[in-house]
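Observations on the three-dimensional arrangement
One-letter residues, chain by chain:
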Amino acid sequence: MTTGPQILLHAADPGLAAAPARLQAAFAQRHVALPAELAISLASALAARQPGSDPFWGRMHAMMARSLDLSGAIGGQLLLKEAGPFAAIRVCEPILRKAAADLGQMPLVAPAGAAPSGTASALEARIVRFVDTALADPAVMGRPFWAAAAMDVLAEARTIQRGRMRHLAAMPGPRRIADPALTALVFLTPPDFDPERMRAERRRKARQISLRRRAGIRPKEGGVSGIRPSQALEDISDALMSELVLPRAVFASRLLHEGILVRHRPPRRDPRRDLLAATLLEAGAEDGMGLILRAAWADYALRLRVALNRLGLAQSDLLLACAHGPAAHLPGQLERAIEGKLPPLQIDGKLRADLLMGTGLFPDFLASDAERPDLAPDLPGAPDWPAVRRLLRRATGQLARKDAQSETRLIEEYGARFLLWAAPVRDLSAESWDEARSRFEQDLGAEGRAGAVLARLVWQDDPAGTAPVELLGQCDSREVGELRLPLPPADDAAPDPEQPRSMAEFIGRLVLWMLDATLETLNGKA
């Protein structure tokens, strides 16, 4: 049985100002030792207009940005000031608790009447040194702590800001805390694209200029809607037989003057949007593979958006809907034109972190939400829909809120549609891709499956944890092929040649497969 640090009560400093004294007493009520020196600097930081400028506690904002590998701050100074009291609890308190745990003793300010203690003064000096080191060296608390704290502080600041913008009282309602594991997977585990594997496999690239936009004879859809006169040379192939049997002189005269009768074929429709890529994640709140897939989707969406801009297909939308957790929508347009010139697979380091934060997905994307969201919209019969169809409705609902048209019309406006279903199954070999695809189509309904390229990522549902975890990916495209991806081995296990050596390599292979399957949708090779 482990015990906490020994509590040592001592009298408060009578010369301490009111604000630091209140902070010291408040921390003492939470059984956290806040030395007078730290209380003075914390009160100064909370009162400062720019929290990051404080020479002592202001360093925690730089440490949070450093843990995420950002090139700048995690937010504006005025934005961070909104979350000052929350940061004192989320960041300062864990550091002080760790300091007391390492020292084995906790000097707490007692109510009036307690005697001063020389031992307490020495302990407080050691706590100050510990905190000073923790704010300078990320290894003391660990990068995962700082990364999760950064997302929580940013979420709190934006929640307060949104409340004030809506003229609401900034009441301390329920907070959506970032999932530490998901935060670490997204920001601290960038995908490792194995150079050997990338050289061995032919990288697929979507064609930038589609046939419907090329110069020359405009392609036809094939359907005949009537007969019309035409003087265009490109319509001669559609001339009626009665026109083709005319003498050449008569045919030429009619072509030049009144036109010949041709079959009317409407030109190919040019869709308003380019690509709709929706990922439907049907995983439980405690499913570790579902967490990995959410992290992989964030990286996949980031790189796919850059690739689409390089191909001139910026009018696209990337969607994610989860059975547990927030939905996400990433538009295809980039904030800066320079981003569209980047090689998607070479985005790494600070550039990757900056681009991730620039997507606007964070910190809401990382919210730890164990409650199952309402996947059944207020539509007739919707509660009886299969889970896949309700997830698709939730994903496209993010578009419908920004457009007056119906969701069905929105889906039909995309030239290419890619739907990826991800879920645990009881047996990976229970059904073939053709059988799974047929069931997937049936569950989606007519509005979802029409003209869409389908894919799935499945893994064995084994709550007992006795079966080896392997991810199976299948899609319509023969060019992409099947993905079989086992989880990385434990530290003491010898890796198989085909097995990823680390979680970063696992995510890298997964992201590559998702990118290939999506780009093949644009190629029309499915």
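Since we're looking at a predicted model, the values are computed, not measured.

A short note on the pattern of salt bridges
In total, this model carries 19 salt bridges according to the counting rule given. Ionic pairing is found between Lys-350 and Asp-69, a salt bridge with its closest N-O pair at 3.3 Å. Of this pair, Lys-350 sits in helix H13 (residues 349-358) while Asp-69 sits in the loop between helix H3 (59-67) and helix H4 (77-82), placing them 281 residues apart in sequence. The exposure class assigned to Lys-350 is partly exposed, which follows from its relative accessible area of 43%. Here Glu-93 makes a salt bridge to Arg-97, at a shortest N to O gap of 3.0 Å. One end of the pair is Glu-93 and the other is Arg-97, both in helix H5 (residues 84-103) and 4 residues apart, which spans about a single turn. Accessibility expressed as a relative area gives 7% for Glu-93, which makes it buried. Assessed through its relative accessible area of 35%, Arg-97 is described here as partly exposed. Among the ionic contacts, a cluster of salt bridges with common partners joins Arg-30, Glu-93 and Arg-97.

Focus: the environment of Glu-498
Locating Glu-498 in the fold gives a position in the loop between strand E11 (483-486) and helix H18 (503-523). C-alpha separation for the pair Glu-498 and Leu-485, spaced 13 residues apart in sequence, amounts to 8.2 Å.

Some words on empty space enclosed by the protein
Taken as a whole and assessed by the stated rule, the structure comprises 6 cavities of 30 Å³ or more. Leu-42, Ala-45, Leu-46, Pro-51, Trp-57, Gly-58, Met-60, His-61, Leu-80, Lys-81 and Gly-84 are the residues that line the largest cavity. Only helix H2 (36-47), H3 and H4 provide two or more residues apiece to the lining of the largest cavity. Considering every element that reaches the lining of the largest cavity, the biggest residue donor is H2, with 3 residues. Counted by class, the lining of the largest cavity contains 7 nonpolar, 3 polar and 1 charged residues. Size it by volume and the second largest cavity reaches roughly 50 Å³. Of all the secondary structure elements, the ones that give two or more residues to the lining of the second largest cavity are strand E5 (273-281), helix H12 (288-310) and strand E8 (414-425).

Some words on the pairing of strand E10 (residues 470-475)
Here is the key point about a regular strand: its side chains alternate between the two faces of the sheet. The buried fraction of E10 is high, at 5 of 6 residues. The sheet contact formed by strand E9 (residues 452-460) and E10 spans 5 bridges and is antiparallel. Following the sheet pairing, Leu-457 is matched in E10 by Gly-473.

What to know about the packing of H12 against H18
A pair of packed helices is captured by two measures, namely the crossing angle of their axes and the spacing between those axes. Relative orientation of the contacting elements H12 and H18 amounts to 50°, with a least axis distance of 9 Å. What the angle tells us is that H12 and H18 run oblique. Along this stretch, H12 crosses H18, giving a crossing that reads as right-handed. Side by side, H12 and H18 meet where Met-289, Ile-292, Leu-293, Ala-296, Trp-297, Asp-299, Tyr-300, Arg-303, Leu-304 and Leu-308 of the first sit next to Met-503, Phe-506, Ile-507, Leu-510, Val-511, Met-514, Leu-515, Thr-518, Leu-519 and Leu-522 of the second. By residue class, the composition of the contact of H12 with H18 is 17 nonpolar, 1 polar and 2 charged.

The rules behind the values
Residues numbered from 1 in each chain as written. Predicted model: local features only at pLDDT ≥ 70, side-chain atom pairs only at ≥ 80, totals over all residues. Heavy atoms only, no water. Salt bridge = Lys/Arg side-chain N within 4 Å of Asp/Glu carboxyl O. Helix = DSSP H or I, 4+ residues; strand = E, 2+ residues; numbered from the N terminus. Buried < 20%, exposed > 50% of the residue type's maximum accessible area, 1.4 Å probe, protein only. 1 Å grid on protein atoms, 1.4 Å probe; cavity = no way out; pocket = protein on both sides within 12 Å on 5 of 7 lines; lining within 4 Å. Points joined across faces, edges and corners; volume = space filled by probe spheres on them. Nonpolar A, V, L, I, M, F, W, Y, C, P; charged D, E, K, R; others polar. Pairing = 2+ DSSP bridges. Axes fitted to C-alpha atoms, helices over the stretch in contact; angles between N-to-C directions. Parallel < 35°, antiparallel > 145°, perpendicular 65-115°, else oblique. Left-handed = near helix turned anticlockwise from the far one by under 90°. Contact = heavy atoms within 4.5 Å.

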